[in-house]
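Each chain, written out:
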Amino acid sequence: MAVENNNVVTLNYVLHTIEENGEKTFVEQTTSDNPLTFLYGVGMMLPKFEENIAGLNAGDKTSFELEPNEAYGERDDKAIAQLPAEMFQEVGLPPVGEVIPLQDNQGNQFRAVVIEVTPETVVADLNHPMAGKKLNFDIEVIASRPATAEELSHGHAHGIDGNEAH
């Protein structure tokens, strides 16, 4: 069955970033034991990612690149937060490089990377870690099936066969 809206898609991928000099840098990959399974067409994945796998069938392979504006956007050098050290009183000051969970005034949750720590302030980069990066995906579709009514009502896949509990 071809990949289309309201299908549960299972695939393996290898993700690289493409540096300015054209070299690929490995980021991550899935395996046959732990593939990516998601509900296609409901906004869970990057729109251009979904566009590039539309119509593929089990066994099909493809490779494609996403420009930053098609993926996680350009880096915003102003997306830096100065967080008071008192925020970390209970858990202790995080080290540089740590990814910390944050929440805005509207209750939206996101992650930031600590870029500097002083006794008074934790400086965090609010950009997505892949912001400004050109992405290269190598994809192999493992399966595509119609989503169950329960998956559609929940808005997410329940595993490759639809029986995964949550």
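It should be noted that the structure appears before, not after, this text.
Focus on the nonpolar core
Leu11, Phe38, Phe49, Ile53, Leu66, Phe137 and Ile139 are the most contacted members of the largest nonpolar core, which totals 20 residues. Contributions of two or more residues to this core are made by strand 1 (7–18), helix 1 (47–53), strand 4 (61–66) and strand 9 (134–146). Discounting chain neighbours no more than four positions away, the residues touching Leu66 are Leu46, Lys48, Phe49, Asn52, Ala71, Lys133, Lys134, Leu135 and Phe137.

Here we look at the pairing of strand 5 (residues 80–84)
Here strand 5 shows one buried face, formed by Ala81 and Leu83, and one open face, formed by Ile80, Gln82 and Pro84. For strand 5 and strand 8 (residues 121–125), the ladder comprises 5 bridges, and the chain directions are antiparallel. The residue bridging Leu83 from the neighbouring strand is Val122, located in strand 8.

Topic: the pattern of salt bridges
Inspection of every chain in the model, using the stated rule, returns 5 salt bridges. A salt bridge links Lys48 to Glu51, with the shortest nitrogen-to-oxygen separation between them at 3.2 Å. In this pair, Lys48 and Glu51 are both assigned in helix 1, 3 residues apart and thus about one turn of the helix distant. Here Lys48 falls in the partly exposed class, since its relative accessible area comes to 27%. The closest approach of N and O atoms between Glu151 and Arg145, which form a salt bridge, is 2.7 Å. The exposure class assigned to Glu151 is buried, which follows from its relative accessible area of 0%.

Rules of the game
- Each chain carries its own residue numbering, running from 1 in the direction its sequence is written.
- With pLDDT at 70 or above as the cut-off, local features in this predicted model cover only qualifying residues; side-chain atom pairs require 80 or more to be listed or tallied, and sums for whole chains, interfaces and linings still use all residues.
- The side-chain values count all of the structure's non-hydrogen atoms but skip hydrogen atoms and water molecules.
- To qualify as a nonpolar core, a set must consist of buried Ala, Val, Leu, Ile, Met, Phe, Trp, Tyr and Cys residues joined through side-chain atoms within 4.5 Å.
- Partly exposed residues are those whose accessible area sits between 20% and 50% of the maximum for their type, while under 20% is buried and over 50% is exposed, using a 1.4 Å probe and protein chains only.
- Working definition: helices are DSSP H or I runs of at least four residues, strands are E runs of at least two. Numbering for both runs from the N terminus.
- Residue contacts are counted whenever heavy atoms from the two residues lie within 4.5 Å of one another.
- Each pair of strands is called paired provided DSSP finds at least two bridges between the two strands.
- Within this document, salt bridges are pairs made up of a side-chain nitrogen of Lys or Arg and a carboxyl oxygen of Asp or Glu, the two lying within 4 Å of each other.

Function cannot be inferred from these measures alone, as they are strictly geometric.
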